[in-house]
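Reading the structure
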Amino acid sequence: FYWIILSKKPIKSHVELFKKGDFMNILRIAYAPDENYVGITIVSMLSILENSEDEKFEFIILHSGLSNNALRKFEWIKNYKKCNIRFVKVNREEFKNYPSVNWVTTAAWFRTKIPELCPDCEKVLYLDSDTMVLSSLKELFLTDLKDNYIATVCNAETGYFNSGVILFNCNSWREEQVFNKIKNYVETNGKNVKCADQDVLNVICSSRKLMLPQEYNYCEPYNYFEYKAMKNPKIVHFVGPNPNRFDCLHSMKSKWNEFAVKTPFYHEFISQNIYNMIKMYPKLKFDEFKYSTLAKIGIGKMKVKYELKAYRQQRLINSLKF
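Reading the values: rules and limits
- Residues numbered from 1 in each chain as written.
- Predicted model: local features only at pLDDT ≥ 70, side-chain atom pairs only at ≥ 80, totals over all residues.
- Heavy atoms only, no water.
- Buried < 20%, exposed > 50% of the residue type's maximum accessible area, 1.4 Å probe, protein only.
- Helix = DSSP H or I, 4+ residues; strand = E, 2+ residues; numbered from the N terminus.
- Pairing = 2+ DSSP bridges.
- Phe/Tyr/Trp six-rings, centres within 6.5 Å; stacked < 30°, edge-to-face > 60°.
- Polar contact = N/O pair within 3.5 Å; in protein donor to acceptor, adjacent residues only side chain to side chain.
- Contact = heavy atoms within 4.5 Å.
- pLDDT = per-residue confidence, 0-100.
- Expected span 1.5 Å × (residues − 1).
- Arc of directions from axis to C-beta.
- Core = buried A, V, L, I, M, F, W, Y, C linked by side-chain atoms within 4.5 Å.
- Axes fitted to C-alpha atoms, helices over the stretch in contact; angles between N-to-C directions.
- Parallel < 35°, antiparallel > 145°, perpendicular 65-115°, else oblique.
- Nonpolar A, V, L, I, M, F, W, Y, C, P; charged D, E, K, R; others polar.
- Left-handed = near helix turned anticlockwise from the far one by under 90°.

Some remarks on the pairing of strand 1 (residues 26-31)
Counting buried positions over the 6 residues of strand 1 gives 6, a clear majority of the element. Burial along strand 1 is two-sided: the face carrying Ile26, Arg28 and Ala30 and the face carrying Leu27, Ile29 and Tyr31 are both buried. Where strand 1 lies against strand 2 (residues 56-63), 6 bridges are found, and the strand directions are parallel. Residue Ala30 lies in a different strand from strand 2, and its bridge partner there is Ile60.

Below is the structure:
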């Protein structure tokens with residue numbers, strides 16, 4: 001997870017501060033990865049540094065008990081480009097009874113308490129670990145949040161937002177004790193929550209959110225291969241298989257690889273993918289045959305359904321390299 005935070009140093013304007021390159025103005029970026037997400041988190045950190053202008057950064061790593069080996073890995077980024085790293089320990093037990101789903105970890109709830117964990121912050125940009133930044137975040141960070149709790153990319157029709165990219169208004173969050181509102185909602189409605197913290201955040205922030213352009217949380221459906229990719233996204237979010245996996249078919253995976261190969265952890269991605277390729281190859285071939293056969297005998301929507309499934313299996317087999 002990422003967080004970007006602006007310090008409270010009084011100035012005439014944020015724009016003027018950035019122009020002056022004031023070192024006291026630090027964008028603080030935080031993640032909340034578990035052991036399995038350390039590698040892709042570091043790649044995301046690198047993508048931010050590679051696309052920065054004159055910003056200064058401090059990376060905040062939220063965790064409930066990462067190993068010493070994992071913590072040491074984060075130190076590499078400091079040598080890659082000047083930045084600071086702060087580790088923040090979070091009490092995982094506080095969230096043990098909170099609703100969960102099988103595709104996110106308990107650490108996803110940590111984001112809901114960031115304004116309290118970082119009392120010196122005015123704004124925080126939260127990013128999931130499976131994101132990639134392709135432009136300076138300066139313009140986003142200068143967004144006037146007014147009295148909204150957050151700014152985020154929403155579905156134009158429903159207003160529902162994916163919680164992978166959220167700009168928090170920490171002052172409003174703390175002043176109105178939003179975390180307590182979340183806690184109370186979970187206690188009374190937890191059984192009805194289907195998508196963990198994302199559903200709860202959508203309820204609590206429903207009338208207090210500022211909508212951001214789609215370019216700040218570019219997702220594409222990973223099972224729809226004729227999807228028209230966005231030309232110039234600023235933040236890419238790899239929903240579906242993570243970008244370090246061979247079965248990630250996102251149109252911008254090659255761009256992610258350009259960042260990943262610059263880290264000393266790239267070989268770990270390769271080793272894991274070789275193992276997964278060998279393990280999954282027989283099943284992929286069998287499924288390709290099964291779906292191709294069903295597509296030939298199917299009609300109407302059923303035929304189209306299995307044609308897409310067969311096409312996906314073909315794409316996966318053809319991607320058995322990293």
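As for the packing of aromatic side chains
Summed over the entire model, instances satisfying the criterion amount to 13 aromatic pairs. Relative to Tyr98, the ring of Phe95 has its centre 5.2 Å away and its plane inclined at 75 degrees; by these criteria the two rings are edge-to-face. Overall, the relative accessible area of 1% leaves Phe95 in the buried class. Between Tyr98 and Trp109, the ring centres sit 4.8 Å apart and the planes meet at 80 degrees, which makes this aromatic pair edge-to-face. Of the two residues, Tyr98 sits in the loop between strand 3 (84-89) and helix 5 (114-117) while Trp109 sits in the loop between strand 3 and helix 5, which places them 11 residues apart along the sequence. Both residues of the pair, Tyr98 and Trp109, belong to the buried class.

Remarks on the side chain of Asn202
Relative to the helices and strands, Asn202 is located in helix 9 (residues 196-204). Classification of Asn202 by relative accessible area gives buried; the value is 9%. Of note is the side chain of Asn202, whose polar atom sits 2.8 Å from the backbone oxygen of Gln198. Excluding anything up to four places from it in sequence, Asn202 contacts Gly159, Tyr160 and Phe161.

Observations concerning the confidence of the model for the protein chain
Scored by pLDDT, the protein chain has a mean of 85; 89% of the residues are at 70 or more. Long-range and interchain partners of residues 1-24, a stretch whose pLDDT sits below 50, account for 89 contacts in this model, where long-range means more than four residues apart.

A closer look at helix 2 (residues 38-50)
Between its first and last C-alpha, helix 2 extends 18 Å over 13 residues, near the 18 Å set by a 1.5 Å rise per residue. Among the 13 residues in helix 2, 12 count as buried, and that is most of the element. Taken together, the buried positions of helix 2 are Val38, Gly39, Ile40, Thr41, Ile42, Val43, Ser44, Met45, Leu46, Ser47, Ile48 and Leu49.

Section: helix 10 (residues 253-260)
The set of residues buried in helix 10 consists of Lys253, Trp256, Asn257, Phe259 and Ala260. Looking straight down helix 10, one finds its buried side chains confined to an arc of 160 degrees; they lie on one side. Turning to helix 10, the residues buried within the fold contact helix 2, strand 5 (131-133) and helix 11 (266-297).

What to know about the pairing of strand 4 (residues 123-127)
Counting buried residues along strand 4, 5 of its 5 residues qualify, which places the element largely inside the surrounding structure. Bridge count for strand 4 against strand 7 (residues 161-169) is 5 bridges, and the pairing is antiparallel. Looking at strand 7, one finds that Tyr126 is bridged to Ile166.

Here we look at the nonpolar core
Among the nonpolar cores identified, the biggest contains 48 residues, and Phe59 and Ile77 are the most heavily contacted of them. Ranked by residue count, the leading element in this core is helix 2, at 8 residues. Residues within four places of Phe59 in sequence aside, it is in contact with Ile29, Tyr31, Met45, Leu49, Ile77, Cys83, Asn84, Ile85 and Arg86.

Re the packing of helix 2 against helix 10
Contact geometry for helix 2 and helix 10: axes closest at 9 Å, N-to-C directions at 90 degrees. As summarised for this structure, helix 2 and helix 10 are arranged roughly perpendicular, according to the angle between their axes. Note on element contacts: helix 10 touches helix 2 through Trp256, Phe259 and Ala260, opposite Ile40, Val43, Leu46, Ser47 and Glu50. Looking at side-chain class alone, the contact of helix 2 with helix 10 contains 6 nonpolar, 1 polar and 1 charged residues.

As for the sheet that holds strand 1
The strand order across the open sheet formed by 3 strands is 1-2-3, and the pairing between neighbours is parallel. Edge positions in the sheet fall to strand 1 and strand 3, since each has one partner strand and no second. On average, adjacent strands in this sheet sit at an angle of 25 degrees to one another, irrespective of strand direction. In the packing of helix 2 onto the sheet, contacts are made with strand 1 and strand 2, and the angle to strand 1 comes to roughly 160 degrees.

Here's the deal with the packing of helix 8 (residues 178-189) against helix 9
Where helix 8 contacts helix 9, the two axes come as close as 10 Å, and the packing angle between them is 115 degrees. The element helix 8 and its partner helix 9 pack so that their crossing is right-handed. In this structure, helix 8 uses Val178, Lys181, Ile182, Tyr185 and Val186 to contact helix 9, whose residues at the interface are Val200, Leu201, Val203 and Ile204. Residue composition of the contact of helix 8 with helix 9, grouped by class: 8 nonpolar, no polar and 1 charged.

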